[in-house]
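Summary of structural features
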Amino acid sequence: IHMTIEKTTTDEFNLVVKMDLKGDSHFVSPNANRDFKGKFYMNLGSYTHLGFEGDIIEIPRSVEEFDSHPYVNGFVNWVKVNTTYKQPLHIKLQEDFVAYGRVRFTIEPRCTLEEIPFIISYKNGVMTLIESKC
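Everything numeric in this text was worked out from a predicted model, so none of it was measured. (Residues numbered from 1 in each chain as written. Predicted model: local features only at pLDDT ≥ 70, side-chain atom pairs only at ≥ 80, totals over all residues. Heavy atoms only, no water.)

**Digging into the pairing of strand E2 (residues 12-19)**
Selection rule: Type-normalised accessible area, obtained with a 1.4 Å probe on protein chains alone, sets the label of each residue: buried when under 20%, exposed when over 50%, and partly exposed for intermediate values. In this description a helix means any DSSP run of H or I spanning at least four residues, a strand means any run of E spanning at least two, and both kinds are numbered starting from the N terminus. Two strands are said to pair when DSSP picks up at least two bridges between them.
With respect to burial, E2 is a largely interior element, six of its eight residues being buried. Here strand E1 (residues 2-9) pairs with E2 via seven bridges, running antiparallel. Looking at E2, one finds that methionine 3 is bridged to valine 17. Taking the residues between adjacent antiparallel strands as the criterion, E1 and E2 are bridged by two residues. Taken together, the seven bridges between E2 and strand E9 (residues 83-91) define a ladder with antiparallel strand orientation. Pairing of lysine 18 across the sheet is with threonine 84, part of E9.

Pasting the structure below:
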């Protein structure tokens, strides 16, 4: 996983998460219609200065397929190739701030829940991302 901030216009930014998969690893797309415990998910909590704007963009877009595995037994959007996610960010107040967030997903077939914290800093009009070490 590699995360960055992408500036799209003067006051608009995207949180960019690149998922590079190894071997036969895969995970459930945030675009899956059903609820799965380990579905790819990003969260910023509730901050007065920053929030997510609109839907997450998945590149390439996952395709729904039928999986007969007993734990799935239905349709699911598996992400099986390297995929980039872009989540537009909305700056609510134009003043310096720090916001804490996380990316969460279950990597299959290991069945391990991964939770990666991150920090977004906005200072003097410059937004940066800090990958948390804890």
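**Focus on the pairing of strand E8 (residues 74-79)**
Counting buried positions over the six residues of E8 gives five, a clear majority of the element. When strand E3 (residues 27-28) meets E8, the two strands line up antiparallel, connected through two bridges. Note on E8: the bridge partner recorded for phenylalanine 27 is valine 79. The pairing of strand E7 (residues 64-67) with E8 spans four bridges and is antiparallel. Looking across to E8, one finds that glutamate 65 is bridged to valine 76. Between the antiparallel neighbours E7 and E8 lie six residues, among them asparagine 73 with a positive phi of about 40°.

**Some points on the layout of surface pockets**
Note the cut-off: Residues are called lining when one of their atoms sits within 4 Å of a cavity or pocket point, these points coming from a 1 Å grid over the protein atoms alone, where a cavity is a set in which a 1.4 Å probe fits but cannot get out and a pocket is an open set with protein on both sides within 12 Å along at least five of seven lines. Grid points are joined across faces, edges and corners, and a volume is the space filled by probe spheres set on the points. Three categories are distinguished: nonpolar for Ala, Val, Leu, Ile, Met, Phe, Trp, Tyr, Cys and Pro, charged for Asp, Glu, Lys and Arg, and polar for the others, with Gly belonging to the last.
Reported here for the largest pocket is a volume of approximately 400 Å³. Residue lining of the largest pocket: 16 residues in total, with Tyr71, Trp78, Thr106, Glu108 and Cys111 positioned closest to the centre. Tallied by class, the residues present in the lining of the largest pocket amount to eight nonpolar, four polar and four charged. Taken as a whole, the second largest pocket spans an internal volume of roughly 170 Å³. What lines the second largest pocket is Pro30, Asn31, Lys39, Phe40, Tyr41, Met42, Phe52, Asp55, Ile56 and Gln87. Grouping the amino acids of the lining of the second largest pocket by side-chain chemistry returns six nonpolar, two polar and two charged.

**With respect to the pattern of salt bridges**
Note the cut-off: The term salt bridge refers to a side-chain nitrogen of Lys or Arg lying within 4 Å of a carboxyl oxygen of Asp or Glu.
Using the criterion set out here, one finds four salt bridges in the structure. A salt bridge links lysine 86 to glutamate 6; its shortest N-O distance comes to 3.1 Å. With lysine 86 in strand E9 and glutamate 6 in strand E1, this pair connects stretches of sequence that are 80 residues apart. Here glutamate 6 falls in the partly exposed class, since its relative accessible area comes to 26%. Residue glutamate 65 pairs with lysine 80 through a salt bridge whose shortest N-O separation is 3.3 Å. Linking glutamate 65 in strand E7 with lysine 80 in the loop between E8 and E9, this pair joins segments that are 15 residues apart in sequence. For glutamate 65, a relative accessible area of 29% puts it in the partly exposed group. By relative accessible area, which is 48% here, lysine 80 ends up partly exposed.

**Here's the deal with the nonpolar core**
Our working definition: Definition of nonpolar core: a set of buried residues of the types Ala, Val, Leu, Ile, Met, Phe, Trp, Tyr and Cys, connected through side-chain atoms within 4.5 Å. Any two residues having at least one pair of non-hydrogen atoms within 4.5 Å are treated as being in contact.
Val17, Phe40, Leu50, Leu89, Ile120 and Met127 are the most contacted members of the largest nonpolar core, which totals 28 residues. Listing elements by their share of this core, those giving two or more residues are E1, E2, E9, strand E10 (97-107), strand E11 (112-123) and strand E12 (126-131). For this core, the element with the most residues is E10, which contributes five residues. Excluding anything up to four places from it in sequence, isoleucine 120 contacts Ile5, Leu44, Leu50, Leu89, Phe97, Val98, Ala99, Met127, Thr128 and Leu129. Counting residues in hydrophobic clusters, the runner-up holds six residues, among them Val28, Ala32, Phe36 and Trp78.

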